[in-house]
Amino acid sequence: MNQSVLAIDDSPDVHRLLDVRLRPEGLILHHALAAEEGLAMALEHRPDLILLDVNLPLITGFEVCHKLKDDPITAQIPVIFLTGATEIYSKVQGFDLGAVDYVTKPFEPAELRARVRAALRTKRFHDILAARSHIDGLTGIWNRAYFNQRMGEECSAAQRYGRTVSLVMLDLDHFKGLNDAHGHPFGDRVLQVVGDLLNSLLRTTDAPCRFGGEEFAVILTETDLEGAKITAERMRQEIAATIFQPRVGRVAVTASLGVVCSSVFFERSEISPSTMITAADDALYRAKREGRDRVCVATEISPLEVSPVERSRVVKLER
């Protein structure tokens, strides 16, 4: 898959020159002629590299870089400044803001391509290492660390820009009993199969994560409540329809699921990972209390309905 670069510069001539100079690299090149347009495109496309003019009108490139690094969605995108200045102070200021390099105008073609290649190579290695550190070793889906990072990014986008994100909390029913009856290797196999099922049912933009033990968390991007309910019900049905074979006999496994949508349950100022998790978790415990193997949504309950004592009782019964 080709890597992408976003160029933010107020000169059309610079964009034409970048098109010509970087064409041999086989990159996907996006163009923005103003700071605000560039910030919006960075959020939309999440490029692998940003080429940023220092001397933008109205908002300087330094201010744009500060905004990019201050937003968890764009903070990890490397920035190369484009500048006609050679003053040491300007370069130091850019590096202090988080830029990875400078390219001085007018561009020397070989130097421009070499610096872009170096930044993209570093970004690729960083992405590989980050992905490996965020994969759950048993199920092969995202782990809790990735969930925490991604949920923070999605909630930030929902709060700042009005985007919609839904969260599904999924817990396998009577899992402790499965382990006790058939052994932990069988329980591990169940978790692996559920991880595979979630991966196969979801879009590439969604994020199935192992939250802990037999509990999973699924982040559904740009998904309203109705879409989240449909997806959760599909997950429930697929798990219930899967037959597992321990050493003796055949075993069916069910799951209870809680669903919350950022645009339904909260005011924008209230959206955060902790509030989303709490709401989805409360819906999950309602599903447990009502008999398990079902989907409940957070709009149907108040968190006060599930007292700490009641929740503790459900946990003890389940585990």
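Please refer to the structure placed before this passage.
Everything in this summary refers to the structure shown in the same document.

Cut-offs applied
- Residues numbered from 1 in each chain as written.
- Predicted model: local features only at pLDDT ≥ 70, side-chain atom pairs only at ≥ 80, totals over all residues.
- Heavy atoms only, no water.
- Pairing = 2+ DSSP bridges.
- Helix = DSSP H or I, 4+ residues; strand = E, 2+ residues; numbered from the N terminus.
- Axes fitted to C-alpha atoms, helices over the stretch in contact; angles between N-to-C directions.
- Contact = heavy atoms within 4.5 Å.
- Parallel < 35°, antiparallel > 145°, perpendicular 65-115°, else oblique.
- Left-handed = near helix turned anticlockwise from the far one by under 90°.
- Nonpolar A, V, L, I, M, F, W, Y, C, P; charged D, E, K, R; others polar.
- Phe/Tyr/Trp six-rings, centres within 6.5 Å; stacked < 30°, edge-to-face > 60°.
- Buried < 20%, exposed > 50% of the residue type's maximum accessible area, 1.4 Å probe, protein only.
- Lys NZ or Arg CZ within 6 Å of the ring centre and 35° of its normal.

1. Thoughts on the sheet that holds strand β12 (residues 295-297)
Overall, mixed pairing links the five strands, which are arranged β7-β8-β6-β11-β12 in an open sheet. The sheet is open, and its two borders are formed by β7 (207-212) and β12, each paired with just one other strand. Taking each pair of neighbouring strands and ignoring which way they run, the sheet shows an average axis angle of 20 degrees. Strand contacts of helix α9 (residues 225-241): β6 (165-172), β8 (215-221), β11 (255-261) and β12, with the helix running at about 170 degrees to β11, the strand carrying the most contacts. Packing against the sheet, helix α11 (residues 273-289) makes contact with β6, β7, β8, β11 and β12, and its axis sits at approximately 145 degrees to β11.

2. Notes on the packing of helix α3 (residues 61-70) against helix α4 (residues 88-97)
For the pair α3 and α4, interaxial distance at closest approach is 9 Å and the crossing angle is 15 degrees. By the angle between their axes, α3 is roughly parallel relative to α4. Read as a crossing pair, α3 and α4 show a hand that is right-handed. On the side of α3, the interface is formed by Phe62, Cys65, His66 and Lys69, while α4 contributes Ser90, Gln93, Gly94 and Leu97. Residues belonging to the contact of α3 with α4 are distributed by class as follows: three nonpolar, four polar and one charged.

3. Focus on the packing of aromatic side chains
The description of two aromatic rings rests on the distance between their centres and on the angle between their planes. This model, assessed by the stated rule, comprises six aromatic pairs. Relative to Tyr102, the ring of Phe81 lies with its centre 5.4 Å away and its plane at 40 degrees, an arrangement referred to as tilted. Of this pair, Phe81 sits in strand β4 (residues 79-83) while Tyr102 sits in strand β5 (residues 101-104); the two residues are 21 residues apart in sequence, bridging distant segments of the chain. The exposure classification of Phe81 matches that of Tyr102, with both residues buried. Between Trp142 and Tyr146, the aromatic rings sit 3.9 Å apart at their centres with planes inclined by 15 degrees, giving stacked as the arrangement. A relative accessible area of 23% means that Trp142 is categorised as partly exposed. An aromatic cluster of three or more residues is present, and its members are Phe62, Phe81, Phe95 and Tyr102. The side chain of Arg144 reaches across the aromatic face of Phe211, ending 3.8 Å from its centre.

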